[in-house]
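# Chain and residue survey
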Amino acid sequence: MLPPIDQGHLQARAPGHVVSLDGGMIAIVIPSFPLPNGFTAAAADLMLRLAPGYPDVQPDMWWFAPAVRRTDGQPIAATESREVYLWPHLAALVAPPQPWPVAVRNRFARELPGAGPEGTRGRREGPRRMTTTLVLPGTLADEIATAAHNPLECAGVLLARRVDVGGEDRLLGRSLHWVPQAAYKEQSPHHMMIRSEGYVGALGAAEADGAIPIWFHTHPGEGGVPLPSKHDRQVDRDIADLFQLRSGSGVYATLIASPRGERFAFSGELTPEGGPTTLIDRVWIVGERWRLIQNFARQASAPDVIFDRNVRAFGSDIQAVLGDLRVAIVGSGGTGSAVAEQLVRLGVRHLLLIDNDTLSESNVTRVYGSTPDDISKAKVEVLRSHLTRIAPNLVGSTIQGMTTFKSIAKALRAVDLVFGCTDDNAGRLVLSRLSTFLLTPVIDVGILLSSDRNGALIGIDGRITTLTPGAGCLVCRNRVDMARAAAEMRTPEERKKLADEGYAPALRQVEPAVVAFTTAVAAAAVNELLDRLIGYGPAERPTETLLRLHEREISTNRAVPRDGHYCHPGTGKWGAGDEEPFLGQLWGAE
Ligand SMILES: [Zn+2]
Ligand SMILES: [Zn+2]
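Residues numbered from 1 in each chain as written. Chains lettered and ligands numbered in written order. Predicted model: local features only at pLDDT ≥ 70, side-chain atom pairs only at ≥ 80, totals over all residues. Heavy atoms only, no water.

In the annotation of an unreviewed UniProt entry, the entry for the chain reads Molybdopterin-synthase adenylyltransferase, and the organism field reads Bradyrhizobium ivorense.

Structure follows, in C-alpha cells:
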C-alpha cells in the first residue's frame, strides 16, 4: 500500500507499526510513539492518516491516544479538537479495543468526488489487435544507435518491464548490460560468438529488477538488414530457456538493430515460455526527440492522398507516425477539443478522450464539434462523434471520468503520449507521475485570463509544458498548486467546510475563457508534438513555452529534474511500470 521508501523508514524506526486501509485513505498506527518533555505523557499511540495523492499531497491528519496536552496548560496550535473517532479496522488492533480520543489538526473527507460505479463509463470502438511497443528513454536509444554504428557486431541484454494493458503490450526500457569485451570468442562485421558469462549476469539483474531480458545484437553497415539469420535462430534455440528461467520472467525477447542515418532500424520478437512468439511491433523513443520506428519486418503503406499537403511539409514517414501514434487527451473542453480537432486533421487515428463533464450551454462557445443540440451530453461523446465525421477510420475510445481515479489513470498506460488539457491540479499530479513511471510524454497545457479591479481583461497567459524523460516534472517546476490539489481530492461539501475554516483554499470558481485564446494555446501544444517528431526546433529543446498573448510575446525555458525527485533518473523510477502502489502514490476509493 505504501511507497517502498516509507515502508523502509517505518520498518527501521517503528517496527511495531500497523498499516490499514479505510475508505481510500491509509492509516498508520505507531504504538507508544515517544514524546519530548513538556507533554502530559511520555509516549502515546500515534495514528497518521495519508490521503490519496500522497506523497505529492501532504499527510492528512494525526491522532494521539490517549489525547496529549502540554503540561503548562497552553494550547497546542492547530490540535484543538478532541473527538472520538472509531476506526473500524484499527479499533480491533489496539488492545483493549478502545475509541481514539483525538487531537485533530484538520477535518477529514471519507468520500471522493464522483466515486462509485457511475464514475467510469468506458467506450471503445474500432478494430484492435495486440500491439507490442518497446519504449526507450532517449539515453538507451542513443546507446543502441551508437552500437548499431559500430562496424563490428556487438551484443548486450536490454532489461525492460512489461505492462500488459489488454491488447497493448508495453515494454519499458530500464537498462542495457553490454557483453564485456573479454566474453567475445569471435567478433567481426558479420559474425560473433559469445561465452555465456557475457550475459548470465544480466539475467540476474533482470530478476532483481522484475524485468524481462531482451537479447540485443547488431547487424552492422548502413545497408545492414536487421532480420534474424540462420545462426541467430540457432542462438535463439540455444539460449531462450536460460533467459526465461534465469530472469524469473518466463520471457525471452530479441532485438536486432542496423544503422539508418543517425538512428537505427530494428526487428524484435517476444517468446514467453510455451510460446507463441510475437513481434515487437514498434519502438517508441522518448527523449529530446520522440521517434516511432516500426519493426523492419512490417511493410509501411503509402499515406492517403488526403494528407498530400502535410506530406509536402514534413514527409510521408512523419505522416505514418501520426497515423500510428496512440494519443490520449485529458479534458475535452476548449483546449482539449481544439487539440483533438488538429490532431485528427493532421492524421492521428488512435485517440483516447477522457473527461468527466457533460456539455453546458456556455461550452458551445469554445468546444470544437459542439452545437446547442449537444447540451447535457457527455463532452467526450460529443467530441468523439465530431472527430469520427472528420475521419471515419478513427479508432476513438472515450472515458467519462477523472484521472485521479486509479482505474482511469491505468487506462493511460496504453498510450504513447498524453495531452493534459484540464485546469485541475490533482489530475496534473497524476499525469506528471505517469510521464516518469510509464515513460509516456505529457504535453500539459494551462491558460489564465486575468482582469483588473474593474473587470477589464489585462492578461492572457498560456503555458505549454513538456514532460519527457530528462525534463523536470510539473512538481519540480512548481506548476502544481499542492493545496488546491489536496482540496480537489475531496467532496464538494468537505471542500467548502475546509475553505470556510481557512484550512484549504476555495477552489477557483467558473473561470473566464475565450475560444481565440484556448485555440491559440492548443495550436502551440500541437506545435510542440510536431517539433518533437519532426525536429525543426533547436537541438536543446525548451521544455516549456509561455505565451503572453496580450503582449504578443512568446518565451521559453528549460528545466531539469531535481536531485532525488521521482523524475530524476537516479531514483530508478523511469519505466517503473506497474510496480505497486501504481505511480508510487496513494489512490482514493472508487
Ligand atoms: Zn544476427
Ligand atoms: Zn520532478
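This is not the end of the story, as more comes after the structure.
A few words on the side chain of Asn363. Among the structural elements, Asn363 can be located in the loop between β20 (350-354) and α8 (379-390). For Asn363, a relative accessible area of 7% gives the class buried. Not counting the four nearest positions on each side in its chain, Asn363 is found in contact with Thr358, Ser370 and Lys379. (Helix = DSSP H or I, 4+ residues; strand = E, 2+ residues; numbered from the N terminus. Buried < 20%, exposed > 50% of the residue type's maximum accessible area, 1.4 Å probe, protein only. Contact = heavy atoms within 4.5 Å.)

Note on metal geometry: ideal angles are 109.5 degrees for four donors arranged tetrahedrally and 90 or 180 degrees for six donors arranged octahedrally. Donor atoms from the polypeptide that bind the zinc ion (ligand 1) are His217 (NE2), His219 (NE2), Asp232 (OD) and Asp232 (OD), placed at 2.1 to 2.4 Å. Between the four donor atoms coordinating the zinc ion (ligand 1), the angles at the centre fall across 58 to 152°, so the site counts as irregular. Donor residues for the zinc ion (ligand 1) sit on one chain with the sequence pattern H-x1-H-x12-D. With His217 in strand β13 (residues 212-218) and Asp232 in helix α5 (residues 230-246), this residue pair connects regions lying 15 residues apart in the sequence. Here the two residues His217 and Asp232 agree in accessibility, since each one is buried. (Donors = N, O, S within 2.8 Å, 3.2 Å for Na, K, Ca; no water. Tetrahedral: all angles 85-135°; square planar, octahedral: opposite > 155°, others 65-115°.)

Before going further, it helps to spend a moment on the coordination of the zinc ion (ligand 2). Binding of the zinc ion (ligand 2) to the protein goes through Cys473 (SG), Cys476 (SG), His565 (ND1) and Cys567 (SG), at separations of 2.0 to 2.3 Å. Around the zinc ion (ligand 2), the four donor atoms sit at angles spanning 100 to 120°, and that spread fits a shape best called tetrahedral. Within one chain, the residues serving as donors to the zinc ion (ligand 2) are arranged as C-x2-C-x88-H-x1-C. With a gap of 91 residues between them, Cys476 in the loop between β24 (457-467) and α11 (482-488) and Cys567 in the segment after β26 (553-557) connect regions that are remote in the sequence.

A surface patch of nonpolar side chains, about 220 Å² in accessible area, is lined by Val225, Leu227 and Phe296. Following the sequence through the fold, Phe296 ends up in the loop between β18 (290-294) and α6 (308-324). (Patch = residues over 30% accessible without salt bridge, like charges linked within 9 Å, V, L, I, M, F, W, Y side chains within 5 Å. Areas by Shrake-Rupley, 256 points an atom, 1.4 Å probe, with all protein chains shown as cover. Salt bridge = Lys/Arg side-chain N within 4 Å of Asp/Glu carboxyl O.)

Turning our eyes to something else, we now look at α6. Between its terminal C-alpha atoms α6 stretches only 17 Å, short of the 24 Å expected from 17 residues at 1.5 Å a residue. At Phe314, α6 shows its maximal kink, close to 115°. For α6, the set of buried residues is Asn310, Phe314, Ile318, Gln319, Val321, Leu322 and Asp324. In this structure, the buried residues of α6 make contact with β17 (282-286), β18, β19 (326-330), α7 (334-346), β20 and α13 (515-534). (Expected span 1.5 Å × (residues − 1). Bend = angle between axes of the 7 residues up to and from the residue.)

Turning our eyes to something else, we now look at the nonpolar core. Core analysis: the largest hydrophobic core is formed by 83 residues, its most contacted members being Ile329, Leu343, Leu351 and Phe419. In terms of residue count, α13 provides more of this core than any other element does, eight residues in total. Core analysis: the second largest hydrophobic core is formed by 45 residues, Leu159, Ile194, Tyr199 and Ala206 among them. (Core = buried A, V, L, I, M, F, W, Y, C linked by side-chain atoms within 4.5 Å.)

Taken N-terminus to C-terminus, the directions of α7 and α13 make an angle of 45°; their axes are 8 Å apart at the nearest point. Here α7 is positioned oblique relative to α13, judged by the angle of their axes. Our pair here, α7 against α13, has a crossing hand that is right-handed. Note on element contacts: α13 touches α7 through Thr518, Thr519, Val521, Ala522, Ala523, Val526, Leu529 and Leu530, opposite Gly334, Thr335, Ala338, Val339, Gln342, Leu343 and Leu346. (Axes fitted to C-alpha atoms, helices over the stretch in contact; angles between N-to-C directions. Parallel < 35°, antiparallel > 145°, perpendicular 65-115°, else oblique. Left-handed = near helix turned anticlockwise from the far one by under 90°.)

To continue, consider the packing of aromatic side chains. For the structure shown, the criterion picks out seven aromatic pairs. Judged by centre distance (5.3 Å) and plane angle (85°), the rings of Phe243 and Tyr252 are edge-to-face. For the pair shown, Phe243 and Tyr252 are each scored as buried. Grouped by ring-pair contacts, the aromatic residues Tyr199, Trp215, Phe243 and Tyr252 constitute a single cluster. Its end group placed over the ring of Phe582, Lys410 keeps NZ or CZ at 5.3 Å from the ring centre. (Phe/Tyr/Trp six-rings, centres within 6.5 Å; stacked < 30°, edge-to-face > 60°. Lys NZ or Arg CZ within 6 Å of the ring centre and 35° of its normal.)

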